[in-house]
Amino acid sequence: MPRTANINRKTKETDIEMSLSVDGTGIGQVHTGIGFFDHMLEGFSKHGFFDLTLSVNGDLDVDGHHTVEDTGIVLGTAIREAIGDKAGIRRYGSFMLPMDDALCLCAIDLCGRPYFVYDCTFATERVGGLDTELVREFFYAVSYSAGMNLHIKMLHGDNAHHMIEAIFKAFGKALDQASSYDTRIEGVLSTKGAL
């Protein structure tokens, strides 16, 4: 069965429509109103082999916070719904991704319990139209909405563009690994018998 989710979320701050296919080919069509954020989500889609269609109409006249955080909430919800009961999946995924000066480690456990660890500091406050502090807010929202353990650690980096891009791509690769099937797994990968 195709693992897909279609999420619509509308508040006074954002109006978001998203479709996600976990078993895709990496086609990303993203429009958030923040060009650099679009580029990062397209990188997540491409390198994780997720098909992602996303349209966000947010209150960018205020700032980018609601747009970025609410997109994280919707993506996390879509991941949780698309993956479903988690029967047969590897559950864990990790990837160490280099991008020029940047080296990022991302590790995921699709255990149903949210927990977020983030170790990354940027020397600049913005890249393009994206406030760098919102990278943390986005992944926090993804982690808690998806119910996943998510650890992101920047092992090295100087250029904020490279660092953020490494984070999004590493997240895509780790999630692809964690959500993929392993024929040796019967039911869910847990001694408890449930996730």
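What you are looking at is a predicted structure, and each value in this text was computed from that prediction instead of being measured. (Residues numbered from 1 in each chain as written. Predicted model: local features only at pLDDT ≥ 70, side-chain atom pairs only at ≥ 80, totals over all residues. Heavy atoms only, no water.)

## Quick look at the pairing of strand S7 (residues 115-119)
Keep this limit in mind: Relative accessible area decides the class of each residue, using a 1.4 Å probe on protein chains only: under 20% of the type maximum gives buried, over 50% gives exposed, and in between gives partly exposed. Numbering goes from the N terminus for both helices and strands, where a helix is a DSSP run of H or I of at least four residues and a strand is a run of E of at least two. Any two strands with at least two DSSP bridges between them are considered paired.
Only one face of S7 is covered, namely the one carrying Phe-116 and Tyr-118; the face carrying Tyr-115, Val-117 and Asp-119 has none of its residues buried. Here S7 runs beside strand S10 (residues 149-156); their pairing, made up of five bridges, is parallel. Residue pairing across strands places Phe-116 opposite Leu-150, the latter belonging to S10.

## Structural notes on the pattern of salt bridges
Under the convention used in this document: Whenever a carboxyl oxygen of Asp or Glu lies within 4 Å of a side-chain nitrogen of Lys or Arg, that contact is scored as a salt bridge.
Counting across every chain of the model gives eight salt bridges. Of the charged contacts in the structure, one is a salt bridge between Arg-126 and Asp-131, with a shortest N-O distance of 2.4 Å. Take Asp-131: its relative accessible area is 19%, and that puts it in the buried class.

## Considerations on the sheet that holds strand S4 (residues 51-58)
Selection criterion: Note on geometry: axes are lines fitted to C-alpha atoms, helical ones only across the stretch in contact, with angles between N-to-C directions running from 0 to 180 degrees. By definition, residues are in contact when any of their heavy atoms lie within 4.5 Å.
Read from one edge of the open sheet, four strands run S1-S2-S4-S3, paired in mixed fashion. Among the strands making up the open sheet, the edge pair consists of strand S1 (4-10) and strand S3 (28-31). For this sheet, the mean inter-axis angle between neighbouring strands, taken without regard to orientation, is 5 degrees. Sheet analysis places S3 next to S4, joined by four bridges and oriented parallel. In the strand pairing of S4, Gly-28 is matched with Leu-52. Contacts between helix H1 (residues 35-48) and the sheet are confined to S3 and S4, with S3 contributing the most and set at about 160 degrees to the helix. Each of S1, strand S2 (14-21) and S4 touches helix H2 (residues 65-83); the most contacted strand, S2, lies at about 35 degrees to it.

## Considerations on the packing of aromatic side chains
What counts, and what does not: Centres within 6.5 Å make a pair out of two Phe, Tyr or Trp rings, where for Trp the six-membered ring is used; the pair is then stacked when the planes are under 30 degrees apart, edge-to-face when over 60, and tilted otherwise.
Counted according to the given criterion, the structure contains eleven aromatic pairs. Both rings, one in Phe-138 and one in Phe-168, keep their centres 5.4 Å apart while their planes meet at 25 degrees; by these two values the pair is stacked. With Phe-138 in helix H3 (residues 133-146) and Phe-168 in helix H4 (residues 160-179), the pair connects residues that are 30 residues apart, well separated along the chain. Across the pair, Phe-168 and Phe-138 agree in class, each one buried. Seen from their ring centres, Tyr-140 and Tyr-144 are 4.6 Å apart, and the 25 degrees between their planes marks the pair as stacked. One end of the pair, Tyr-140, and the other, Tyr-144, are both in helix H3, four residues apart, so they sit about a helical turn from each other. Owing to a relative accessible area of 34%, Tyr-140 belongs among the partly exposed residues under this scheme. One aromatic cluster is present, built from ring pairs that chain together Phe-37, Phe-44, Phe-50, Phe-138, Phe-139, Phe-168 and Phe-171.

## A short note on the sheet that holds strand S5 (residues 92-99)
Pairing is mixed in the open sheet, where four strands are placed in the order S5-S6-S10-S7. Lying at the two open borders of the sheet, with one neighbouring strand each, are S5 and S7. Strand-to-strand twist in this sheet, taken as the mean axis angle between neighbours without regard to direction, amounts to 10 degrees. Sheet topology note: the S5/strand S6 (residues 102-109) ladder contains eight bridges and is antiparallel. Across the sheet, Pro-98 pairs through a bridge with Leu-103, a residue of S6. Along the sheet, H3 makes contact with S7 and S10, crossing S7 at roughly 160 degrees.

## Some remarks on the environment of Leu-75
By the element assignment, Leu-75 lies in helix H2. Given the relative accessible area of 1%, Leu-75 is considered buried. Every residue in contact with Leu-75, bar those within four places of it in the chain, is listed here: Met-18, Leu-20, Phe-44, Phe-138 and Val-142.

Read these as geometric descriptors, not functional statements.
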